[in-house]
Structure formats: structure tokens, C-alpha cells
Amino acid sequence: MRSVPAPIEQRPPSVAHLFLSRVEATPDRAAYRYPAPARLGAEPGPEQWITLTWAQTAQRVKALAAGLMTLGVRAQDRVAIASETRMEWVIADLGTMCAGAATTTVYPSTNADETAYILADSDSLAVFAENEQQLAKIVSTKDRLPGLKHVILFDGPAHPVTAEGLNILTLAELEHRGDTYLEGHPDAVDRAVDAISGLQLSTLIYTSGTTGRPKGVFLTHDGLAHQGVAQAGSELIRSDDVQLLWLPLAHVFGKALISGQIHTGHVLAVDGRVDRIVLNLPVIRPTVMAAVPRIFEKVYNGIAAKARADGAAKHRVFRWAASVAREYARTTEAARIAQGREGAPLSLKLRHALADKLVYAKIRTAFGGRLRHAISASAPLAPELGYFFAGVGVRVLEGYGLTETSGGAVVNRAHDLRIGTVGVTLPGFEVQLAEDGEVLLRGPCVMRGYHNLPEKSSEVLTDDGWFRTGDIGELDVDGFLRITDRKKDLFKTSGGKYVAPSEVEGKFKAACPFVSNILLIGSSRNFCTALIALDDAAIMPWAAEHGLGDKDYAEVVATEQVRQLIERYVQRVNDGLQRWQTIKKFTLLPRDLDIEHGELTPSLKIKRPVVERDYAELITAMYEGALEA
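Draft legend 1. Representation of the overall build of the chain within the structure. Counting its regular elements, the chain contains 21 helices and 26 strands. A compact globule built from 629 residues would reach a C-alpha radius of gyration of about 25 Å, and the chain, at 25 Å, matches this within 12%. With the C-alpha coordinates of the chain rotated into their principal frame, the extents come out at 75 × 55 × 55 Å. Counting only residues that meet the buried cut, the chain has 57% of its 629 residues in that class. At a minimum sequence separation of 6, the contacts of the chain that also span at least 24 residues come to 68%. Only carbon and sulfur atoms are counted for the fraction: they give 52% of the accessible area of the chain, which is about 25,800 Å². Charge centroids of the chain, computed over 70 positive and 75 negative side chains, lie 5 Å from each other.

Draft legend 2. Expanded view of unusual backbone geometry. Phi at Gln76 is positive, roughly 70°, even though this residue is not glycine. Mapped onto the elements, Gln76 comes out in the loop between helix H2 (54–70) and strand S3 (78–82). Even without a glycine there, the phi angle at Ser406 is positive, about 60°. Topologically, Ser406 is positioned in the loop between strand S14 (396–402) and strand S15 (407–411). Owing to a relative accessible area of 0%, Ser406 belongs among the buried residues under this scheme.

Draft legend 3. Region of the structure containing the sheet that holds strand S1 (residues 30–36). Spatial strand order, S2-S1-S11-S10-S12-S13-S14-S15-S16: nine strands in an open sheet with mixed pairing. Bordering the open sheet on either side are strand S2 (48–53) and strand S16 (424–425), each of which pairs with just one other strand. In this structure, S15 lies alongside S16, joined through two bridges in antiparallel fashion. The residue bridging Val410 from the neighbouring strand is Thr425, located in S16.

Draft legend 4. Focus on the pattern of salt bridges. Evaluation of the coordinates by the stated rule reveals 39 salt bridges. The salt bridge involving Asp155 is made with Arg86; its shortest N-O contact spans 2.8 Å. Residue Asp155 is located in the loop between strand S6 (150–153) and strand S7 (167–170), and its partner Arg86 is located in the loop between S3 and helix H3 (87–98); the two are separated by 69 residues in the primary sequence. Its relative accessible area of 24% is what places Asp155 among the partly exposed residues.

Draft legend 5. Representation of helix H21 (residues 616–623) in the model. Listed as buried for H21 are Ile619, Met622 and Tyr623. Angularly, the buried residues of H21 cover 95° about the axis, an arc narrow enough to put them on a single face. Looking at the buried positions of H21, the neighbouring elements they touch are strand S24 (515–521), strand S25 (528–534), strand S26 (583–588) and helix H20 (608–614).

Draft legend 6. Local environment of the sheet that holds strand S17 (residues 430–433). In space, the four strands of this open sheet follow the order S17-S18-S20-S21, with antiparallel pairing throughout. Every interior strand has two partners, whereas the edge strands, S17 and strand S21 (481–486), have only one. Geometrically, the sheet is characterised by an average inter-axis angle of 50° between neighbouring strands, direction not taken into account. In this sheet, strand S20 (residues 467–475) lies alongside strand S18 (residues 438–442) in antiparallel orientation, the contact comprising three bridges. Among the inter-strand pairings, Leu440 is bridged to a residue of S20, identified as Arg468.

Draft legend 7. Expanded view of empty space enclosed by the protein. For the structure on display, the rule yields three cavities of 30 Å³ or more. When its volume is computed, the largest cavity comes out at roughly 60 Å³. In terms of lining, the largest cavity is formed by Leu381, Ala382, Pro383, Gly386, Val396, Glu398, Asn412, Leu417, Arg418, Ile419, Gly420 and Thr421. The set of elements that each furnish at least two residues to the lining of the largest cavity consists of helix H14 (383–392) and S14. Residues that form the lining of the largest cavity fall into these classes: six nonpolar, four polar and two charged.

Draft legend 8. The arrangement of a nonpolar patch on the surface in detail. On the surface, a cluster of nonpolar side chains totalling about 320 Å² of accessible area is made up of Val317, Trp320, Leu354 and Leu358. Put simply, the parts of the chain that give the nonpolar patch at least two residues each are helix H12 (312–339) and helix H13 (346–366).

Draft legend 9. Spotlight on H12. With 28 residues, H12 ought to run about 40 Å at 1.5 Å a step, and its terminal C-alpha atoms sit 40 Å apart, in line with that. Listing the buried residues of H12 in full gives His315, Phe318, Ala321, Ala322, Val324, Ala325, Arg326, Ala329, Thr332, Glu333, Ala335 and Arg336. Directly after H12, the chain includes Gly340, whose backbone phi takes a positive value near 80°.

Draft legend 10. Representation of the nonpolar core in the model. Counting 133 residues, the largest nonpolar core has Phe19, Tyr32, Leu94, Phe128, Ile152, Ile262 and Phe388 as the members making the most contacts within it. Residues in contact with Ile262, not counting those within four places in the same chain, are Val15, Leu18, Phe19, Arg22, Tyr32, Trp54 and Leu94. Counting 31 residues, the second largest nonpolar core, distinct from the first, contains Phe514, Val515, Ala538 and Ile539.

Draft legend 11. Representation of the state of the cysteines in the model. This model, assessed by the stated rule, comprises zero disulfides. Here Cys445 stays unpaired: no disulfide links it, and the sulfur of Cys98, its closest cysteine neighbor, is 19 Å away. By relative accessible area, which is 1% here, Cys445 ends up buried. Left unpaired, Cys512 is separated from the closest cysteine sulfur, that of Cys528, by 18 Å. When its relative accessible area of 1% is taken as the criterion, Cys512 is described as buried.

Draft legend 12. Quick look at the pairing of S15. Of all the five residues making up S15, four are buried; the element is thus mostly covered by neighbouring parts of the structure. Inspection of the sheet shows S14 paired to S15 by four bridges, in the antiparallel sense. Each bridged residue has a counterpart across the sheet, and for Tyr400 the counterpart in S15 is Val410.

Draft legend 13. Main features of the packing of aromatic side chains. Inspection of every chain in the model, using the stated rule, returns twelve aromatic pairs. Ring-pair connections join several aromatic residues into one group, and the members of that group are Phe296, Tyr300, Phe318, Phe367, Phe388 and Phe389. When the ring centre of Tyr387 is taken as reference, the NZ or CZ atom of Arg330 above it lies at 4.4 Å. Sitting over the face of the ring of Phe586, Arg563 holds its NZ or CZ atom 4.1 Å from the ring centroid.

Draft legend 14. View of the packing of helix H1 (residues 15–25) against H2. Two elements in contact, H1 and H2, have axes separated by 9 Å at closest approach and are oriented at 140°. When the axes of H1 and H2 are compared, the pair comes out oblique. Note on packing geometry: the crossing formed by H1 with H2 is left-handed. Listed contacts from H2 to Phe19, Leu20, Arg22 and Val23 of H1 are Trp54, Ala55, Thr57, Ala58, Val61 and Lys62. Across the contact of H1 with H2, the residue classes tally to seven nonpolar, one polar and two charged.

Rules of the game
- Residues numbered from 1 in each chain as written.
- Predicted model: local features only at pLDDT ≥ 70, side-chain atom pairs only at ≥ 80, totals over all residues.
- Heavy atoms only, no water.
- Helix = DSSP H or I, 4+ residues; strand = E, 2+ residues; numbered from the N terminus.
- Rg over C-alpha atoms; globule rule 2.2 N^0.38 Å.
- Buried < 20%, exposed > 50% of the residue type's maximum accessible area, 1.4 Å probe, protein only.
- Contact = heavy atoms within 4.5 Å.
- Areas by Shrake-Rupley, 256 points an atom, 1.4 Å probe, with all protein chains shown as cover.
- Lys, Arg positive; Asp, Glu negative; His and termini not counted.
- Charge placed at Lys NZ, Arg CZ, Asp CG, Glu CD.
- Pairing = 2+ DSSP bridges.
- Salt bridge = Lys/Arg side-chain N within 4 Å of Asp/Glu carboxyl O.
- Arc of directions from axis to C-beta.
- Axes fitted to C-alpha atoms, helices over the stretch in contact; angles between N-to-C directions.
- 1 Å grid on protein atoms, 1.4 Å probe; cavity = no way out; pocket = protein on both sides within 12 Å on 5 of 7 lines; lining within 4 Å.
- Points joined across faces, edges and corners; volume = space filled by probe spheres on them.
- Nonpolar A, V, L, I, M, F, W, Y, C, P; charged D, E, K, R; others polar.
- Patch = residues over 30% accessible without salt bridge, like charges linked within 9 Å, V, L, I, M, F, W, Y side chains within 5 Å.
- Expected span 1.5 Å × (residues − 1).
- Core = buried A, V, L, I, M, F, W, Y, C linked by side-chain atoms within 4.5 Å.
- Disulfide = S-S within 2.5 Å.
- Phe/Tyr/Trp six-rings, centres within 6.5 Å; stacked < 30°, edge-to-face > 60°.
- Lys NZ or Arg CZ within 6 Å of the ring centre and 35° of its normal.
- Parallel < 35°, antiparallel > 145°, perpendicular 65-115°, else oblique.
- Left-handed = near helix turned anticlockwise from the far one by under 90°.

Dropping the structure here:
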């Protein structure tokens, strides 16, 4: 089965062209907002936000682009950025592209060894480093980076820093150099942008991967420009939107959102501090926001935990309201698909209206009160969560894309949301399924290949332009795509039954408000087991209410009380599974999985081989002496 691509308007050859066109069209409109003073680690509470117009943004971007030219940066040279999401990241990225160069993205959590690998493999000439911590990684591995000449610091050091073989300067110093250069060469940036062709390298994004060294994905200028036009053409974003951006810009999801924002010209509030999201929402009052499923899981678990802490009566009200929300969302979705309009029986409408007054309105207010929809991608969103938020009035539009497709390729639409699917193709994309169910994508956003890895590139790119995603999916008659699992994650039990672990894991995450991460085990074994990590913010309040307040997290999860608590949720999920999918045994981990221990990628995907290796003894123990079929 294959989808037919929607038509799309003519797109500019690059994001740099897109940016300069936007500045010319709406110079005095607000473009960006960011907290001030930026990144000073202020205590939680109200912050002042600075607004930049498009003209003010362009002034900084052009100065930075010209500054890079004075350092010898030329067309398609690589300039890396190692920083959390912040306004300076956006300026540095746009400045790099407007100099005709290409951005290499580096997660700030990446260790020194892998940072050095990315900088060396990309042959980066310069790097924007957020602070002295990022600088230290670079300096400690300088002997592996003969091509790196310049380091530009976002946060200047308290004292001058020098390192042999490196020119270290601050962002302000680079912009000053650029301003001086532009006095004698006022059209230097415009000429550099005019020279950009659509098929040139725009960005190298290194996939975090779950095994081995990351691969550099070659993304073109016109592919990223197409992303912006496609998002607007799908009505995901509008010119009057206000968007809160906290996603890591080293990830393609965040990078693609900037393309969309430039195309429509809407306001983007930039602050990558995850611990500030809840505080920022009522201040920014976004109309659209993108996130990964883990954020929606945490929001739901937080709401449930607060209701539980407020007493049995309020907890019962919340559970009732959550049930009504899911029923209402399912019923109205079914009516829309069957009849072309949403509808629900009067009794359900009345229950929903009451639940709205008691519960839902407060949840929408917590999101800022005017959210049109949220966009979720990067990993599967449990359908139960999707139905809950849709019933509450916070529609979460699940989408699908990869680094190799420059971001989104398939996404739900607000007017035709089908929960449990990732929607239909964005304009310009095609999707089809291979004989084994693998999802294939084609379109202008698909990468040119993996940097310096022609063999790996040929493995995933067909001669006629299709990209083999490695995901297994299903397409319905209306072109809606459902992702069922990663091809490499599917496993077969010793009884010959195939199991899609993400399906079972998603069901458990939707059922259990205390879970943070779960890994299903069962390849070549006679039954399935699970490693389960609990959410500290959810389980510790429960523990305090049940006489375990004197224990730390590891002690709490080791108690029989908590085991019995989680056992009930395991049984509830098992009741809805095929026999060979059920979780026969489980182990609660003494801590949550995290990036620091190498168990999660920076985009919060579980590195299954790492977790299975690190907890091999616990896994073995669950199978010792077992003869179950």
C-alpha cells in the first residue's frame, strides 16, 4: 500500500533564504522571546523575557555570519554547536547558515570522547560552546581535533582562557568582529546566501543511536526549507501562533520547528530548561507546543499524583473524569470517522461537561489556557494518554519522522486526529510499506546519505529515492500510518511467537501512573519478563502516604508493598494481551534509567542492548528454573 503526496508550493532553496525573506516581509514583528538574564540559574519563579523583532534578529545573525567569515569560514565548512537550547543557539545556527556554512549539532550531555568523535568526523573548523564545561571537553581532546581552529563561547569565562592551537573568543567578540567587517563589506552576507544551492550541506546531525558510534546525517538546505513550508501547509502552525520551544536543538525535531517558525513568522519563546516548562507555560501561554511522549507521561502522572495526595475523594473524582475523557474522545473520534462530524450521546456530553468544570479546565489552564494543540514525536505515545488529553481538550497530534527525513514526514491533523496512528504524510512526502511491513519514505527532505559512510547509506537508500526507516507499520485505507515497532526490536519467543515490545511497553505506561521506563525482555526465551523503573516524583509521595516516608527511592522500590502495587498494574495489562505477550515476571530497578549511565539516548530512547547488558544478572534471575511455555 502506498500514499499519494499532497501538492506543495514552491519552496526557497535554503533556510537562510527563508530567513532573509521573512525579515524583509515583517521586520518589525516579534520573532523570538527568551528569558533574561539568560542561563544564570535563577531560582524558580517569575522571570523577565526579552523580545527580538525579525529586524533585530537579522542584525545579530548577519554580524555573527560576517564574524565567522573573518575567521576563515567558507561555504559548506562545518561549524559545530555544543549547547543546550537557548536563544544564542538559534542565532549561531542562522548565522552559520547565512555564512554559507553548515551546522554540526552536539548534545551538551555528550561526553568528551564522543564530542571529539563528532567534531573530528564532521571536520568542524569552529565550534560554539555554551560554557566552560563544554570548552573543557574540547580542550581535553584537542590532540584528536587537528582541523578545529576556533571556539566561540556563549557564556564568557570569569577569567581569560587559552589553549594551544585554539582561538578562543566570546560570542560578543565575534559579533563585534562581524559588525566591523560589514562596515566595509555591507553585502557580504547577502552574497553568501545568494550563492547557496538547495542540495548543499546545511546540517550534519549525528544520530544518537542505540548501538555503536553515531552516524552523521547529511541534510540539505532545501530539505530543511521544505520542512517549514510543509508544516505550515498542514496547518500545524500559523502566523499568529506563539510556540514554546524547549526541545534540544541538537535533535532534528527542534531544528525542523525553527524552519516552520521562520516560514510562518510566528513568535517562538526559547528556553531549553526542562525544569522551567511548567513555570513558563502560564507566562508564555503558547498556542502550540511540541514535546516528546515522556513529557505527556510526566504531566499525566503528576496530575494523578496530586489528585491522590489531595485525598481519596478527589482521587476518585480524577479517576472518574479521566475515564470520561477517554470515553468521550473515543466516541467523538468514531463518529467523525463514520459520519464526518463529531458527536456523542447526551448522557456522555453531560458527564463530560461536569468533568470539564471539575477537572479539565484546570488542566488546560496549567498549559497556559490557549493551547490549540501539542505535537508529539520521537517515540510512540500510548493511545490511552492520547485519548485522555484529547478528552480534556488538549489535543496531542502524534507525528512521525527521523533525523534522516529532516524531521516530520507524517503527522496527524487537528481536524482529523486519529489516536494510535501517526497521521498522514506531510505535503511532498510519500510513504509505502515493504513486503515485510517496513515503512519506506520518499520526499525532498530525505537525507543525501550518512557522512563518510557510503556503505551504510546504500543500505537504507534505494536507487529510486526511498528511505528504509527500519520501522514496521500499517497503513489504513485513508492513508493513516500506524507504527507497530522497530524492525530490529521485534523478537520471537522460543515458542515461535513474534512480540512487538513497544506495544506492551506502551500499554503498561498508559496503565501505570508510577512507571518511568519499562523494557520488555523475551527474545528466544519461553516467556516475557520486564525491567521496570519507577518515576521518583510519583512513587515517593505514594510511599510517604503508606508509611515508607523514611526510606529513599532504592529502599522504597525494594519493599513488598511497592512490588504488590506494581503487580496489580502488570496484571491489569496482562488481561488485555495475548498469552505469549504477557509479563510473567518483572524486576523493579533500584534507580531510573538515564543518559549519564548511557542507558538513554539524548532524545530519551532506551538503549536496549546497554540496559540488557548492565542488568544481565537481574534478567537471568527472572528465568532461572523457569519451565513456563
